[in-house]
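Understanding the architecture of this molecule
The primary structure of each chain is shown beneath.
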Amino acid sequence: MRSYDAIVIGTGQAGPSLAAALAGAGMQVAVVERHRFGGTCVNVGCIPTKALVASARAAHVARRADELGVVIGGSVSVDMTKVKARKDAIVRRSREGVETWLRGLDNTTVHTGHARFEGPHTVRVEDELLASDRIFINVGARAHVPSIAGLDRVRYRTNSSMMAVDFLPEHLVIIGGGYIGLEFAQMYRRFGSRVTLIHRGDRLLPRESADVSSAVEEILESEGVDVRLNAECVRVDTLGDQIVASVTCDDGLPDVAGSMLLLAVGRRPNTDDLGLDAAGVEVDARGHVQVDDALRTSVPGVWALGECNGRGAFTHTAYNDYEIVAANLLHGDRRLVSDRIDCYGLFIDPPLGRVGMTEQQVRDSGRAALTAKRPMTKVGRAVQRGETRGFMKVLVDATTNQILGAAILGVGGDEAVHSILDVMYAKAPYTVIQRAVHIHPTVSELIPTLLADLKPLE
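In this report, we go over the structure that sits alongside the text. What you are looking at is a predicted structure, and each value in this text was computed from that prediction instead of being measured. (Residues numbered from 1 in each chain as written. Predicted model: local features only at pLDDT ≥ 70, side-chain atom pairs only at ≥ 80, totals over all residues. Heavy atoms only, no water.)

Turning our eyes to something else, we now look at the overall build of the protein. Helix and strand content of the protein: 13 helices and 24 strands. Relative to the compact-globule value of 23 Å for 458 residues, the protein shows a C-alpha radius of gyration of 24 Å, a close match. With respect to the principal axes defined by its C-alpha atoms, the protein has extents near 65 × 65 × 45 Å. Counting all 458 residues of the protein, 53% fall into the buried class. (Helix = DSSP H or I, 4+ residues; strand = E, 2+ residues; numbered from the N terminus. Rg over C-alpha atoms; globule rule 2.2 N^0.38 Å. Buried < 20%, exposed > 50% of the residue type's maximum accessible area, 1.4 Å probe, protein only.)

A word on the environment of Val-61. Within the secondary structure layout, Val-61 lies in helix α3 (residues 46-63). Taking the relative accessible area as the measure of exposure, Val-61 reaches 28% and is therefore partly exposed. Between the alpha carbons of Val-61 and Arg-190 there is a distance of 9.6 Å; along the sequence they are 129 residues apart.

So, about the packing of aromatic side chains. Scanning the entire structure with this criterion turns up six aromatic pairs. Taking the centre distance of 5.8 Å and the plane angle of 70° together, the rings of Tyr-179 and Tyr-344 count as edge-to-face. Remark: Tyr-344 occurs in strand β19 (residues 343-346) and Tyr-179 occurs in helix α5 (residues 179-191); sequence separation between them is 165 residues. For Tyr-344, a relative accessible area of 6% translates into the label buried. In textbook terms, an aromatic cluster arises when at least three aromatic residues are bridged by ring pairs, as seen for Tyr-179, Phe-314 and Tyr-344. The ring of Phe-391 carries Lys-373 above its face, with NZ or CZ at 4.2 Å from the centroid. (Phe/Tyr/Trp six-rings, centres within 6.5 Å; stacked < 30°, edge-to-face > 60°. Lys NZ or Arg CZ within 6 Å of the ring centre and 35° of its normal.)

What follows covers unusual backbone geometry. Residue Pro-350 follows Asp-349 across a cis peptide bond; omega there is 5°. Along the chain, Pro-350 turns up in the loop between β19 and β20 (352-356). Along the chain, His-440 connects to Pro-441 via a cis peptide bond; the corresponding omega equals -5°. As for its placement among the helices and strands, Pro-441 is situated in the loop between α12 (431-434) and α13 (446-451). One non-glycine residue, Leu-295, adopts positive backbone phi at about 70°.

Position of His-171 relative to the elements: it lies in strand β10 (residues 171-175). According to the relative accessible area criterion, His-171 is buried, its value standing at 2%. What His-171 contacts, discounting residues up to four positions off in sequence, is Arg-194, Val-195, Thr-196, Val-256, Ala-257, Gly-258, Ser-259 and Met-260. (Contact = heavy atoms within 4.5 Å.)

Where helix α1 (residues 14-24) meets helix α4 (residues 80-103), the axes come as close as 10 Å, and the angle between the chain directions of the two elements is 20°. Between α1 and α4, the interaxial angle falls into the category roughly parallel. Note on packing geometry: the crossing formed by α1 with α4 is left-handed. On α4, the residues that touch Pro-16, Ser-17, Ala-19 and Ala-20 of α1 are Val-98, Trp-101 and Leu-102. Among the residues making up the contact of α1 with α4, the classes are represented as six nonpolar, one polar and no charged. (Axes fitted to C-alpha atoms, helices over the stretch in contact; angles between N-to-C directions. Parallel < 35°, antiparallel > 145°, perpendicular 65-115°, else oblique. Left-handed = near helix turned anticlockwise from the far one by under 90°. Nonpolar A, V, L, I, M, F, W, Y, C, P; charged D, E, K, R; others polar.)

See below:
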């Protein structure tokens, strides 16, 4: 048995930074990684998908260059081999950077292999038994594969296996109308594939406000994505070299035939083979490790960070988990998950930046509120770029004048929304930003104008 002051299982967004902080404080730290350093974000998530989104946007802009007075001779085509090679190079640099960093840390030993608990404070990695009074679980999650009749006979892909694609599917069929499905739908349509998106709900992005869902659907359909709503996939099969998805829905053909099937129906935590029962670590019905507001599990001396704890499915929330744990353990600075304001982006083009509460959440809270909405057609920066789809929207507490939430769906929305988020963290009244002078011409300059037009939420 090898004893350490701390064991960090997994090298996603939270793990490496936490290991470095603990080692920097003089602890002897073991880091365990079973596969690729960097976790989901680096290998099959944010970094590679946004690299693909960038290539897809370049193709889209080139095709509409004449709208901006730019003449490109001939048709625009996409070399998927080069697209994948560029993406792979970006991923490789990030992954190797994480591994090199960890292996070079003082007071740190990297163990490669699968970790399984054998007790509350012992972990076996291959043929080695590691022990520590402090263990940090940072194992992430993977694509959920639903139970669909015939799926065992059909070749399908998830967001992970799509990273290996170096050719253009003739017709990509996507099951799932959430963030992952929408990003792949738009990027592959822009690459040149036919795309059909199958979603069982009555609108895309069910956690968003209805006007956001509707606007996103319009953006996708305007680019040629075939969106099938209220369409539950009941079975899949093969017909020659085609994959056929049979659906039940209100309209449209009952069978959708395509050349490639992508499942984008959620995520499941990588906790089912960690031996958590041997440690006494409690999980919920979906397998997420149960944690308190300081990310402590049911076992003293064991914490869970990142997507595996169900308290945030994003890279930025995982990193904030690290900050919370490090602050509490090393600096006596009490920080809690409940201090975090919900924020995330949908990286279609134009992107969606979302912070705080949705309109429905505000209504459900029963509080008096104010709201304002401005179409991107009235945002100079969007007009100048010829990208006027979407809108910006804000919600304010009518009693405290504090901002409750906002959505900016439009060019630069994923960046501009942070000015609202920062005011929310400051717990300042909306008038602080409403009276600010922003740079012209930007998207952010219209946020004060938006806030000047607040009206009661009816």
